[in-house]
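Fold and contact review
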Amino acid sequence: PIGLLCLEVALKAGAARAMISEPIKEKRELALKLGADIAVNPFEEDIIEAGKKLTDGRGFDTVIDASGNINAAKQAIYLADNCGTILWAAVYGKDAEIGVPPFLMYAKELTITSTFVSPYSFPRALNLLSKLEVKPLITHIIALKDIKQAFELHKSGKSIKILIKP
């Protein structure tokens, strides 16, 4: 759901073109409904090629990785246009490392940043909620007494957001 929320915020902020990379079909379909121009299955398609095609060979001004996958974090570097910004908005393994080619950083003048501890993030996110389409993200509502079912759904990858009610 974080990637889908990032999509919505990017579109609200004025993104002219948006691409989602998502292996789960239901999430790709929802991304298109929320306004993505294309939704790519990274296990079946070359996302760098798809991104270049969508942006007429340039790349994106901003690339956000919300997956927590090191390969996706590295691909973000190649999806960014000159002077682009890469936002790693995911939690990666504590010992994970990614090699960033210094010449590419020089040639493209990229900015790489992450998000987690900004003191302004939480209040701003709360203020944005009323402006975003969050209801389509809730795919299941499950009673607390059936919490085991919620975990099984989550493991299956078929849910987007599961709401637990008392």
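Summary of the structure given here. (Residues numbered from 1 in each chain as written. Predicted model: local features only at pLDDT ≥ 70, side-chain atom pairs only at ≥ 80, totals over all residues. Heavy atoms only, no water.)

Description of the pattern of salt bridges
Counted by the stated rule, this structure contains 6 salt bridges. Among the ionic pairs, Arg17 bridges to Asp56, the shortest N-O distance being 3.7 Å. Separated by 39 residues along the polypeptide, Arg17 in the loop between helix 1 (2-12) and strand 1 (19-21) and Asp56 in the loop between helix 3 (47-54) and strand 3 (60-65) bring together distant segments of the chain. On the basis of relative accessibility, which here comes to 37%, the residue Arg17 falls in the partly exposed class. Asp56 gets classed as exposed once you look at its relative accessible area, which sits at 62%. (Salt bridge = Lys/Arg side-chain N within 4 Å of Asp/Glu carboxyl O. Helix = DSSP H or I, 4+ residues; strand = E, 2+ residues; numbered from the N terminus. Buried < 20%, exposed > 50% of the residue type's maximum accessible area, 1.4 Å probe, protein only.)

Points about the sheet that holds strand 5 (residues 111-114)
The pairing of strands in a sheet comes from backbone hydrogen bonds and takes either a parallel or an antiparallel form. Pairing is parallel across the open sheet formed by 3 strands, whose spatial order is 3-4-5. Since the sheet does not close on itself, it has two edges, and those belong to strand 3 and strand 5, each with one partner. Here the average twist between neighbouring strands, direction ignored, is 15 degrees. Pairing of strand 4 (residues 80-88) with strand 5, which is carried by 4 bridges, proceeds in the parallel orientation. Along strand 5, the bridge assignment pairs Leu87 with Thr113. Contacts between helix 4 (residues 70-79) and the sheet are confined to strand 3, strand 4 and strand 5, with strand 4 contributing the most and set at about 155 degrees to the helix. (Pairing = 2+ DSSP bridges. Axes fitted to C-alpha atoms, helices over the stretch in contact; angles between N-to-C directions. Contact = heavy atoms within 4.5 Å.)

Observations concerning the packing of helix 1 against helix 2 (residues 25-34)
Relative orientation of the contacting elements helix 1 and helix 2 amounts to 15 degrees, with a least axis distance of 10 Å. Between helix 1 and helix 2, the interaxial angle falls into the category roughly parallel. The element helix 1 and its partner helix 2 pack so that their crossing is right-handed. Between helix 1, through Leu4, Leu7, Glu8 and Leu11, and helix 2, the contact on the second element is made entirely by Lys27, Leu30, Ala31 and Leu34. (Parallel < 35°, antiparallel > 145°, perpendicular 65-115°, else oblique. Left-handed = near helix turned anticlockwise from the far one by under 90°.)

Some remarks on the side chain of Thr55
Along the chain, Thr55 falls in the loop between helix 3 and strand 3. What makes Thr55 buried here is its relative accessible area of 3%. Sequence-distant contacts of Thr55, defined by excluding residues within four places in its chain, comprise Arg17 and Phe60.

Structural notes on the environment of Ile2
Positionally, Ile2 belongs in helix 1. Residue class for Ile2 comes out partly exposed when judged on its relative accessible area of 48%. On a C-alpha basis, the gap between Ile2 and Ile162 in space is 13 Å, while along the polypeptide they are 160 residues apart. Those residues in contact with Ile2 that sit more than four places away from it in its chain are Ala66 and Ala89.

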